[in-house]
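One-letter residues, chain by chain:
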Amino acid sequence: HNFCKICLNKCWDKSQTCSCPYCKETFKQRPDLKINTTLRELVDHLTRLKKHKLMDPKDVQLMIQNRIKKIQDIKHSAEVRKRNTEKEKAVRVELFTDLIRSIERHQTELLEMMEEQQKAAEKQEQELIEELEQEITELKMRNTELEQLSHTEDHLHLLQIHSSLCSSRNTRNWPEISMKTDESLETLRRALTQLKDTIDEKLTLTELKWMQQYAVDVTLDPDTAHPNLILSDDGKQVRHGDIRQKLPDTPERFDYCVNVLGKEGFSSGRFYFEVQVKGKTDWDLGVARESINRKGEITVNPSDGYWTVVLRNGDEYKACEDPSVSLSLRVKPQRVGVFVDYDEGLVSFYDVESSSHIYSFTAQSFTEKLYPFFSPYLNDGGENSSPLIITPVSYNK
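Conventions we followed
- Counting starts from 1 at the beginning of each chain's written sequence and moves along it residue by residue.
- Only residues with pLDDT of at least 70 are given local features in this predicted model, and only at 80 or more are side-chain atom pairs given and counted; all residues enter the totals for whole chains, interfaces and linings.
- Excluded from the side-chain calculations are hydrogens and water; all other atoms, namely the structure's heavy atoms, are used.
- Numbering goes from the N terminus for both helices and strands, where a helix is a DSSP run of H or I of at least four residues and a strand is a run of E of at least two.
- For every accessible area listed, the method is Shrake-Rupley and the probe measures 1.4 Å; residues are considered covered only by the protein chains on display.
- What goes into a patch is any residue over 30% in relative accessible area without a salt bridge, connected to like charges within 9 Å or, for nonpolar side chains (Val, Leu, Ile, Met, Phe, Trp, Tyr), within 5 Å.
- Think of a salt bridge as a Lys or Arg side-chain nitrogen and an Asp or Glu carboxyl oxygen that are within 4 Å of each other.
- Within this scheme the basic residues Lys and Arg register as positive and the acidic residues Asp and Glu register as negative, but His and the chain ends are omitted.
- By convention, the point assigned to a charge is CZ for Arg, NZ for Lys, CD for Glu and CG for Asp.
- Here the term buried applies to any residue with accessible area under 20% of the maximum for its type, exposed to any over 50%, and partly exposed to those in between, with areas from a 1.4 Å probe on protein chains only.
- At least two DSSP bridges between two strands are required for those strands to pair.
- Note on aromatic pairs: the rings of Phe, Tyr and Trp (six-membered ring only in Trp) are paired at centre separations within 6.5 Å, and the planes decide the class, stacked below 30 degrees, edge-to-face beyond 60, tilted for the rest.
- The disulfide definition used here is simple: a pair of cysteine sulfur atoms within 2.5 Å.
- The axes are straight lines fitted to the C-alpha atoms, using for helices just the contacting stretch, and the angles between their N-to-C directions are given from 0 to 180°.
- Note on contacts: a residue pair is in contact if any heavy atoms of the two residues lie within 4.5 Å.
- A helix is expected to span 1.5 Å for every residue after the first.

Side note on the overall build of the protein
Here's step 1: Broken down by element type, the protein carries five helices and 15 strands.
Here's step 2: Counting every atom, the protein has about 27100 Å² of accessible surface; 52% of that belongs to carbon and sulfur.

Shown next, in the form of structure tokens:
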């Protein structure tokens, strides 16, 4: 039987007899122990194999460092999220504070108006009462005179005053006069409508302020621009020219529709940019996915990779859904804000100057990079010659 030599010697050193720990065979003389070379080689081989399978200490250290960095990343993300949450809370507190003030102001104005109406009604009522009392007094006097005349024997005098006593006085037809006892429902409806308009306006302004924190620096990509488009040197303006420029017909370039994309694409998160559309009768704005068709005629709707709002003929605004949706806007936008939340599948358009919502594409599914999309549309003999201008975002207060 095989044992650890050191352990077996210790065992026998403490005992008067020498026996095998396993089978208990006893020896008269202490045996001369021999090494089992086959077993030793097997043990050595297994030891080397286990050592080989053990990880390199450098790899373990690298794993430790990676996990430390991950902890730091998580802590940093938690700090960023905390800061963002505090900012969001501040925005919401400001919003609700403004709404409460608006409601309180509308309530005060409504109560003041009702109080003024009440005072006017009381004044009218008092004037009517005084008029009625005056008529009662006059009628009593007439009644007294008539009673006196009924006993007179002076017929000539009776004939002389008969016409004046019997003539109709210019008096009101009192049964036709009624007094309102309740406030008008229309007054309340008008006040609530004004309050709703104020709340809607403040909500949209708050949305816009929140979106503007995700403003990005958009520059036009000349390699995608249709040959008739003229871009400014800084890549912030685009207009349609009458002369087709000689440019390489690369796969990235639009060759039929007068479109151009932004240089940078986005595949996550949120981004926002603003475009001046002042003085134009036609334009297209929005975002497009990277794999869009750029050759020949193009249909701009979500199924083809476009999320856009367009203007046609000076006053026809449409969201390019399938089918398109006509938009009724109170005012003509001069500057349009475009907001994208990639992860939420949202593309929204806003009239920046009036702080009003234009349209939103919701519940979309994005799987590719999205690029800002622009079309100044055709020059139209100078009627639509104004450029689209990517403007710096000035935050609403």
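A look at a negative patch on the surface
Here's step 1: A surface patch of like charges, here negative, comprises Glu112, Glu115, Glu116 and Glu122.
Here's step 2: Mapped onto the elements of the fold, glutamate 115 is located in helix H3 (residues 57–149).
Here's step 3: For glutamate 115, a relative accessible area of 45% gives the class partly exposed.

Some remarks on the pairing of strand E13 (residues 356–361)
Here's step 1: In terms of residue burial, E13 counts as a mostly covered element, since five of its six residues are buried.
Here's step 2: Pairing geometry for strand E12 (residues 346–351) and E13, over five bridges, is antiparallel. Paired with phenylalanine 349 across the bridge in E13 is tyrosine 359.
Here's step 3: Linking two consecutive strands that pair antiparallel, namely E12 and E13, is a turn of four residues; a positive phi of about 50° is found at serine 355 within it.

Overview of the packing of aromatic side chains
Here's step 1: In this structure the tally under the stated criterion is 12 aromatic pairs.
Here's step 2: Plain terms: the ring middles of phenylalanine 273 and phenylalanine 374 are 5.8 Å apart, the flat faces sit at 55° to each other, and that makes the pair tilted. Note that phenylalanine 273 is positioned in strand E6 (residues 270–276) and phenylalanine 374 in strand E14 (residues 370–375), a separation of 101 residues in sequence.
Here's step 3: Ring centres of phenylalanine 349 and phenylalanine 361 lie 6.3 Å apart, and the angle between their planes is 70°; this geometry places the pair in the edge-to-face category. Of this pair, phenylalanine 349 sits in strand E12 while phenylalanine 361 sits in strand E13; the two residues are 12 residues apart in sequence, bridging distant segments of the chain. As far as burial versus exposure is concerned, phenylalanine 349 and phenylalanine 361 are alike and both buried.
Here's step 4: What links up through ring pairs into an aromatic cluster is the set Trp210, Tyr214 and Phe339.

Regarding the sheet that holds strand E8 (residues 306–312)
Here's step 1: Ordered in space as E5-E14-E7-E8-E9-E10, the six strands form an open sheet in which the pairing is antiparallel. Looking at strand neighbours, the two that pair on one side only are strand E5 (260–261) and strand E10 (325–327), the edges of this open sheet.
Here's step 2: One ladder, built from three bridges, connects strand E9 (residues 316–319) with E10; its direction is antiparallel. Note on E10: the bridge partner recorded for tyrosine 317 is leucine 327.

Let's talk about the state of the cysteines
Here's step 1: Counted under the stated rule, the structure contains zero disulfides.
Here's step 2: Among the cysteines around cysteine 4, which has no disulfide bond, cysteine 7 carries the closest sulfur, lying 3.5 Å off.
Here's step 3: For cysteine 4, a relative accessible area of 41% puts it in the partly exposed group.
Here's step 4: No disulfide involves cysteine 11; its sulfur sits 8.7 Å from the nearest other cysteine sulfur, which is in cysteine 18.

Things to note about the sheet that holds E13
Sheets are built from strands paired through backbone hydrogen bonds, the pairs being either parallel or antiparallel.
Here's step 1: Ordered in space as E3-E4-E15-E6-E11-E12-E13, the seven strands form an open sheet in which the pairing is antiparallel. Of all strands in the sheet, those with a lone pairing partner are strand E3 (229–231) and E13, marking the two edges. The sheet shows a mean angle of 20° between the axes of neighbouring strands, taken without regard to direction.
Here's step 2: As judged from the six bridges shared by strand E11 (residues 335–341) and E12, these two strands associate in the antiparallel manner. Pairing of phenylalanine 339 across the sheet is with serine 348, part of E12.

Observations regarding a nonpolar patch on the surface
Here's step 1: A cluster of nonpolar residues, Leu39, Leu42, Val43, Leu46 and Leu49, forms a patch on the protein surface that exposes about 400 Å² of accessible area.
Here's step 2: Of note, leucine 42 is situated in helix H2 (residues 37–53).
Here's step 3: Leucine 42 sits in the partly exposed class, given a relative accessible area of 47%.

Topic: the environment of threonine 391
Here's step 1: Along the polypeptide, threonine 391 turns up in strand E15 (residues 388–391).
Here's step 2: Since its relative accessible area comes to 15%, threonine 391 is described here as buried.
Here's step 3: Sequence spacing of threonine 391 and lysine 236 is 155 residues, and the spatial spacing of their C-alpha atoms is 7.5 Å.
Here's step 4: Discounting chain neighbours no more than four positions away, the residues touching threonine 391 are Glu274, Val275, Gln276 and Arg335.

Overview of H3
Here's step 1: Helix length check: H3, at 93 residues, gives a terminal C-alpha distance of 135 Å against a target of 138 Å (1.5 Å per residue), a fit within 8%.
Here's step 2: Here H3 has its buried residues at Glu88, Leu95, Leu99, Ser102, His106, Leu110, Leu128, Glu135 and Leu149.

Digging into the pattern of salt bridges
Here's step 1: Tallied over the full model, the rule gives 10 salt bridges.
Here's step 2: A salt bridge links aspartate 13 to arginine 30; the nearest nitrogen and oxygen atoms lie 3.0 Å apart. Here arginine 30 lies in the loop between strand E2 (26–27) and H2 and aspartate 13 lies in helix H1 (residues 5–13), a separation of 17 residues in the sequence.
Here's step 3: A residue is classified by how much of its surface remains accessible, and aspartate 13, at 53% relative accessible area, is exposed.
Here's step 4: Of the charged contacts in the structure, one is a salt bridge between lysine 295 and aspartate 249, with a shortest N-O distance of 2.7 Å. With lysine 295 in the loop between strand E7 (283–289) and E8 and aspartate 249 in the loop between strand E4 (237–240) and E5, this residue pair connects regions lying 46 residues apart in the sequence.

Focus: the environment of valine 347
Here's step 1: Position of valine 347 relative to the elements: it lies in strand E12.
Here's step 2: Sequence separation between valine 347 and glycine 286 is 61 residues; the distance between their C-alpha atoms is 8.1 Å.
Here's step 3: Beyond its immediate chain neighbours, meaning those up to four positions away, valine 347 contacts Val287, Trp307, Phe339, Val340, Tyr359, Ser360, Phe361 and Phe366.

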